[in-house]
Amino acid sequence: MSVLPLVFTSGWASGINAYAVVLLLGVFGATGLTDEVPEALQRPDVLIAAGVLFLCEAVADKIPYVDSVWDSVHTVIRPVSGAVVAALLAGQSGSLPELAAGAVGGSTALLSHFVKAGTRMAINTSPEPFSNIAVSTAEDLGVAGLVSFAMFHPVAAASIAATLLVLGLVILAFLAHRIRRFWRRRAQRREEKRIAGAAGRPPSG
């Protein structure tokens, strides 16, 4: 069977939480639940690093505005991770060229990352922190559930991932005005800090 459905699902999941994808795939491979996971993802150092970074993201992702800063940092990391994981999966399977797999995984990860980051910007226009915690938890559970499902039912999982991606893009379009409000607030905060810093300086000369 072609590895393309698994590549697509892992790419979608990497755009949301790349460390969780690496950790889950590595654990599945290391425990012998599947033979489709390449050795590179099963290495102890890779699993430890992915676990530590996953815990860091689990905390940062639930704090208003900190989550958006974290997303900005990961604008490159998540698509690259999605592309690398996809290429490794293709190399292990041999049913899909690694370059093509990397392109699919990376582009899918980039799209789902934009959905995640944009949604968080919209959520951060709300003053309460509970929506951040709820959305972050739902994302973590969704990634874990769909990646696990994809190991045994890759085509069905890819169909779900595609549906979620399309829905996410549609929702992102509806949230565009709230995203613009997020950027206005951020610019306003920077300006207030600049003015406050200038007022606190000792007089020159």
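Scroll up for the structure.
Keep in mind the model is a prediction, meaning the values are calculated, not measured.

Quick notes on the nonpolar core
Reasoning step 1: V3, V7, W12, L25, L89 and V143 are the most contacted members of the largest nonpolar core, which has 28 residues in total.
Reasoning step 2: Mapped onto this core, the elements with two or more residues apiece are α1 (4-30), α3 (66-93), α5 (130-152) and α6 (154-174).
Reasoning step 3: Ranked by the residues each element gives to this core, the list is headed by α1, at 10 residues.
Reasoning step 4: Beyond its immediate chain neighbours, meaning those up to four positions away, L89 contacts V3, L6, V7, S10, L25, E36 and P38.
Reasoning step 5: Counting residues in each nonpolar core, the second largest holds seven residues, with Y65, A122, L175 and F182 among its members.

Notes on the environment of P44
Reasoning step 1: Secondary-structure assignment places P44 in helix α2 (residues 44-60).
Reasoning step 2: Separated by 14 residues in sequence, P44 and A30 place their C-alpha atoms 9.1 Å apart.

Here we look at α5
Reasoning step 1: Over its 23 residues, α5 runs 34 Å from end to end, which matches the ideal 33 Å to within 8%, given 1.5 Å per residue.
Reasoning step 2: Here the buried face of α5 lies against α1, α3, α4 (98-123) and α6.

Re a positive patch on the surface
Reasoning step 1: Residues R185, R189, R190 and K193 make up a contiguous surface patch of positive charge.
Reasoning step 2: By the element assignment, R185 lies in helix α7 (residues 176-199).

What about the side chain of S136?
Reasoning step 1: Along the chain, S136 falls in helix α5.
Reasoning step 2: Of the residues examined, S136 reaches a relative accessible area of 0% and is grouped as buried.
Reasoning step 3: Setting aside residues no more than four positions away along its own chain, S136 makes contact with D61, K62 and R120.

A closer look at the packing of α1 against α6
Reasoning step 1: Two elements in contact, α1 and α6, have axes separated by 8 Å at closest approach and are oriented at 40°. It follows from the interaxial angle that α1 and α6 lie oblique. Viewed along their axes, α1 and α6 form a crossing whose handedness is left-handed. Of α6, the residues touching α1 (which contributes P5, L6, F8, T9 and W12) are P154, V155, A157, A158, A161, A162, L164 and L165.
Reasoning step 2: In the contact of α1 with α6, the residues fall into 12 nonpolar, one polar and no charged.

As for the environment of L4
Reasoning step 1: For L4, the location among the structural elements is in helix α1.
Reasoning step 2: In sequence terms L4 and G105 are 101 residues apart; their C-alpha atoms lie 9.2 Å from each other.
Reasoning step 3: Among residues more than four places away in sequence, those in contact with L4 are L96 and V104.

Side note on the packing of aromatic side chains
Reasoning step 1: Under the criterion given, the structure shown has one aromatic pair.
Reasoning step 2: With 6.2 Å between their ring centres and 80° between their planes, F28 and F152 make a pair best called edge-to-face. You can see F28 sitting in helix α1 and its partner F152 sitting in helix α5, a full 124 residues away along the chain.

Some thoughts on a nonpolar patch on the surface
Reasoning step 1: A cluster of nonpolar residues, F149, I160, L164, L167 and I171, forms a patch on the protein surface that exposes about 410 Å² of accessible area.
Reasoning step 2: Top contributing element to the nonpolar patch by residue count: α6, with four residues.
Reasoning step 3: Mapped onto the elements, L164 comes out in helix α6.

What to know about α6
Because each turn of an α-helix spans 3.6 residues, side chains separated by three or four positions end up pointing in the same direction.
Reasoning step 1: Taking 1.5 Å per residue, 21 residues should reach 30 Å; α6 reaches 30 Å between its end C-alpha atoms and fits that length.
Reasoning step 2: Residues of α6 that are buried include every one of P154, A157, A158, A161, L165, G168 and L172, and no others. Buried residues in α6, looked at end-on, bunch into an arc of 100°, giving them a common side. Exposed residues lying more than 90 degrees from the buried face of α6 are V166, A173 and F174.

What counts, and where the lines are drawn
Residues numbered from 1 in each chain as written. Predicted model: local features only at pLDDT ≥ 70, side-chain atom pairs only at ≥ 80, totals over all residues. Heavy atoms only, no water. Core = buried A, V, L, I, M, F, W, Y, C linked by side-chain atoms within 4.5 Å. Buried < 20%, exposed > 50% of the residue type's maximum accessible area, 1.4 Å probe, protein only. Helix = DSSP H or I, 4+ residues; strand = E, 2+ residues; numbered from the N terminus. Contact = heavy atoms within 4.5 Å. Expected span 1.5 Å × (residues − 1). Patch = residues over 30% accessible without salt bridge, like charges linked within 9 Å, V, L, I, M, F, W, Y side chains within 5 Å. Areas by Shrake-Rupley, 256 points an atom, 1.4 Å probe, with all protein chains shown as cover. Salt bridge = Lys/Arg side-chain N within 4 Å of Asp/Glu carboxyl O. Lys, Arg positive; Asp, Glu negative; His and termini not counted. Charge placed at Lys NZ, Arg CZ, Asp CG, Glu CD. Axes fitted to C-alpha atoms, helices over the stretch in contact; angles between N-to-C directions. Parallel < 35°, antiparallel > 145°, perpendicular 65-115°, else oblique. Left-handed = near helix turned anticlockwise from the far one by under 90°. Nonpolar A, V, L, I, M, F, W, Y, C, P; charged D, E, K, R; others polar. Phe/Tyr/Trp six-rings, centres within 6.5 Å; stacked < 30°, edge-to-face > 60°. Arc of directions from axis to C-beta.

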